[in-house]
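In case you want the letters, here they are:
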Amino acid sequence: MVENDSDNEKLDPKLYILSISKFFKDLGTGILAFLIPLYIVQTHSIFAPEIPDVVKAGIVTTVYGIFNAFSQPFLGRLSDRLDKRKPFVIIGLAGFMAASLLYSRAHVFEYVVLLRAIQSITVGATVPAIVAMVTHFSTSSTRGRAIGIYSSMRGFGYGIGAMVGGIVATYYGYTAGFYLCALLGLISLLLVQFFVGETHEQHEKQTVLNRNDADTAQFYALALAMFIIMVGIMIIFAFLPEYEFRLQASELSLSVAVSAYVISRVILQTPMGVLSDRYGRKKLIVYGLLLNIPVVLGLGYVTRVEELIVLRAVQGLCMAAVETPVMALAVDIAGGTSISSRVSFITSAQAAGTAFGPLIGGLLGGYVSFTMPFYVCAAMMAFSLIIVMNKVSEPNWNDKGF
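Residues numbered from 1 in each chain as written. Predicted model: local features only at pLDDT ≥ 70, side-chain atom pairs only at ≥ 80, totals over all residues. Heavy atoms only, no water.

Student: Can you help me understand the overall build of the protein in this one?
Tutor: A tally of regular secondary structure across the protein gives 13 helices and 0 strands. Going from N to C terminus, the protein has its helices and strands arranged as α-α-α-α-α-α-α-α-α-α-α-α-α. In terms of overall dimensions, the protein is globule-like: its C-alpha atoms have a radius of gyration of 20 Å, near the 21 Å expected for 402 residues. Seen through its C-alpha atoms, the protein measures out along the principal axes to roughly 60 × 45 × 35 Å. When the 402 residues of the protein are sorted by exposure, 61% land in the buried category. Intrachain contacts of the protein at a sequence separation of at least 6 include 89% that bridge at least 24 residues. Mean positive and mean negative side-chain charge positions of the protein (28 and 26 charges, respectively) differ by 3 Å. (Helix = DSSP H or I, 4+ residues; strand = E, 2+ residues; numbered from the N terminus. Rg over C-alpha atoms; globule rule 2.2 N^0.38 Å. Buried < 20%, exposed > 50% of the residue type's maximum accessible area, 1.4 Å probe, protein only. Contact = heavy atoms within 4.5 Å. Lys, Arg positive; Asp, Glu negative; His and termini not counted. Charge placed at Lys NZ, Arg CZ, Asp CG, Glu CD.)

Have a look at this one:
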């Protein structure tokens, strides 16, 4: 058991401001994640007019994740090299706003795909920079709590974003939803610009952790866990049009199902972070992966939208048990330097899971069978669980420094 006095340590107030600013941006991200797979049904393709809607939904979501995943390591290294984070956040938020506005004028499928690629790169500039700022606002004994608070705020925005997207699409149309996303991005940008200062790498009280083969293997194992659980979470987005048909569900009820995952995750994210500070991070990661296996299988056999809502809520618990401990453990292993570039290895894996989840679902669901992608995802989850159990260990901290 890992003992600490994290409950007695106060977090930097700027952490809360940064988390609130991220809430508004991820509210917009959640709206777009829900709206765009449905919006592309109304677009026409120049190069592949007969492409199935489920494949189009998978492609447009996958493109976003792929470009986001590949941009994060490069931009994270650049952030560390310059020892600057705030400019990357500001530029990324500005790009998010611009792309959100342009969606309303994109009526060709390929144009939507291009905008998603551009937007994903700009968002990729913000992720490692913000995570580094969060770690700079915490210590080893409060890191789980800090990441939990940050993740809860951004997750809450993302979760209700899907619900807001459903309401806006139902009563006001897609264009209003895109404009709303741009406004939310602006609010987030202003909060960061005026209330969050620049942070720099912390070298004092750093516990020296050699970058040996064992550490590298642990990073790969954690990245694999994050990638696979995101596949299991995001696979549903390729099936939104199919669920709409199979379950005779409305856009609003589907948005509730999408939101159920994040609402559950938001409620549990901070408690899971505190538990990881107290009892260790690996144990929670293992439990989260294990529980998500039957949940993912269940997504392929739902017959009512209420069942979909319940399973998505349980997935929120699984994600809370994995995401916060993985991020905190990755920072612990990395030590006190080059946080943006090293943590970007984990966040880019998360983005890749966001990308390939819908693609796996779209291709296997569209060309093999509806249930096949869920079996594939469950098998991947079991494999990741074995890797984490055998390859990941936690560093022993002898002080309360970085």
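Next comes the rest of the description.
Student: Even after reading the chapter, I still don't get unusual backbone geometry, so can you show me in this structure?
Tutor: Located in the positive-phi region is Asp83, a residue other than glycine, with phi close to 55°. Here Asp83 lies in the loop between α2 (53-82) and α3 (86-103).

Student: I would appreciate a short explanation of the side chain of Arg116 in the present structure.
Tutor: As for its position among the elements, Arg116 is in helix α4 (residues 109-136). Of the side chains bearing the opposite charge, Asp26 lies closest to the buried Arg116, which forms no salt bridge; the N-O distance is 10 Å. Reaching out from Arg116, the side chain makes a polar contact with the side chain of Tyr103 at a distance of 3.4 Å. Once residues lying within four places of it in the same chain are set aside, the contact partners of Arg116 are Leu32, Ile36, Val60, Tyr64 and Tyr103. (Salt bridge = Lys/Arg side-chain N within 4 Å of Asp/Glu carboxyl O. Polar contact = N/O pair within 3.5 Å; in protein donor to acceptor, adjacent residues only side chain to side chain.)

Student: Even after reading the chapter, I still don't get the pattern of salt bridges, so can you show me in this structure?
Tutor: Two side chains bearing opposite charge may form a pair once their charged atoms approach each other closely. Summed over the entire model, instances satisfying the criterion amount to 8 salt bridges. The partner of Arg85 in a salt bridge is Asp83, and the shortest N-O contact between them spans 2.6 Å. We classify Asp83 as partly exposed; its relative accessible area is 26%. Across the salt bridge formed by Arg281 and Asp277, the nearest N and O atoms sit 2.9 Å from each other.

Student: Mind showing me how you'd approach the packing of α2 against α4 here?
Tutor: The axes of two packed helices give the description: the angle between them and the distance between them. It is the contact of α2 with α4, at a shortest axis distance of 7 Å, that shows an interaxial angle of 30°. With respect to their mutual orientation, α2 and α4 come out roughly parallel. The two elements α2 and α4 cross, and the hand of that crossing is right-handed. Residues belonging to the contact of α2 with α4 are distributed by class as follows: 15 nonpolar, 7 polar and 2 charged. (Axes fitted to C-alpha atoms, helices over the stretch in contact; angles between N-to-C directions. Parallel < 35°, antiparallel > 145°, perpendicular 65-115°, else oblique. Left-handed = near helix turned anticlockwise from the far one by under 90°. Nonpolar A, V, L, I, M, F, W, Y, C, P; charged D, E, K, R; others polar.)

Student: In this structure, what is going on with the packing of aromatic side chains? I would like to understand it.
Tutor: Aromatic rings considered in pairs are described by the distance between their centres and by the relative angle of their planes. Applying the stated criterion across every chain yields a total of 10 aromatic pairs. Each ring, one from Phe23 and one from Phe24, has its centre 5.1 Å from the other, and the planes form 75°; the classification is edge-to-face. A relative accessible area of 13% means that Phe23 is categorised as buried. The exposure class assigned to Phe24 is partly exposed, which follows from its relative accessible area of 22%. Where Phe370 meets Phe374, the ring centres are 5.7 Å apart and the plane angle is 55°; that geometry is what we call tilted. Here Phe370 matches Phe374 in class, with each residue buried. Three or more aromatic residues joined by ring pairs make a cluster, and in this case those are Tyr39, Tyr103, Tyr174 and Phe178. Directly above the ring of Phe370 sits Arg246, whose terminal nitrogen or CZ lies 3.9 Å from the centroid. (Phe/Tyr/Trp six-rings, centres within 6.5 Å; stacked < 30°, edge-to-face > 60°. Lys NZ or Arg CZ within 6 Å of the ring centre and 35° of its normal.)

Student: When you look at helix α13 (residues 372-391) in this model, what are you seeing that I'm missing?
Tutor: Because each turn of an α-helix spans 3.6 residues, side chains separated by three or four positions in sequence point in the same direction. An ideal rise of 1.5 Å per residue puts 28 Å on 20 residues; α13 measures up with 29 Å between its terminal C-alpha atoms. Among the residues making up α13, those that are buried are Pro373, Phe374, Cys377, Ala378, Met381, Ser384, Leu385 and Val388. All buried residues of α13 lie within an arc of 135° about the axis, which places them on one face of the element. (Expected span 1.5 Å × (residues − 1). Arc of directions from axis to C-beta.)

Student: Explanation requested: the environment of Thr126 in the structure shown.
Tutor: Here Thr126 is to be found in helix α4. Judged by its relative accessible area of 2%, Thr126 is buried. Counting along the chain gives 245 residues from Thr126 to Thr371, while the straight-line C-alpha distance between them is 36 Å. In this structure Thr126 touches Phe88, Val89, Gly92 and Leu93, once residues within four positions along its chain are discounted. Polar contacts involving the side chain of Thr126 include one to the main-chain carbonyl oxygen of Val123, which spans 2.7 Å.

Student: Can you walk me through a nonpolar patch on the surface in this structure?
Tutor: A surface patch of nonpolar side chains, about 570 Å² in accessible area, is lined by Leu183, Leu186, Ile187, Leu190, Phe194 and Phe195. Among the secondary structure elements, Leu190 is positioned in helix α6 (residues 174-195). (Patch = residues over 30% accessible without salt bridge, like charges linked within 9 Å, V, L, I, M, F, W, Y side chains within 5 Å. Areas by Shrake-Rupley, 256 points an atom, 1.4 Å probe, with all protein chains shown as cover.)

Student: Explanation requested: helix α10 (residues 282-299) in the structure shown.
Tutor: In this model α10 runs 26 Å from its N-terminal to its C-terminal C-alpha over 18 residues, within 8% of the 26 Å that 1.5 Å per residue would give. Among all positions in α10, only Leu284, Ile285, Val286, Gly288, Leu289, Asn292, Ile293, Val295, Val296 and Leu299 are buried.

Student: When you look at the side chain of Gln119 in this model, what are you seeing that I'm missing?
Tutor: Turning to its location among the elements, Gln119 is positioned in helix α4. A distance of 3.3 Å separates a polar atom in the side chain of Gln119 from a polar atom in the side chain of Ser100. With residues near it in sequence (within four places) discarded, Gln119 still touches Leu32, Tyr64, Phe96, Ala99, Ser100 and Tyr103.

Student: Is there a simple way to explain the packing of helix α5 (residues 143-171) against α6 in this structure?
Tutor: Where α5 meets α6, the axes come as close as 7 Å, and the angle between the chain directions of the two elements is 140°. In terms of orientation, α5 lies oblique with respect to α6. Handedness of the α5/α6 crossing: right-handed. Along its contact with α5, which presents Val164, Val168 and Ala169, the element α6 presents Tyr174, Ala176, Gly177 and Leu180. Of the residues in the contact of α5 with α6, the class split is 6 nonpolar, 1 polar and no charged.

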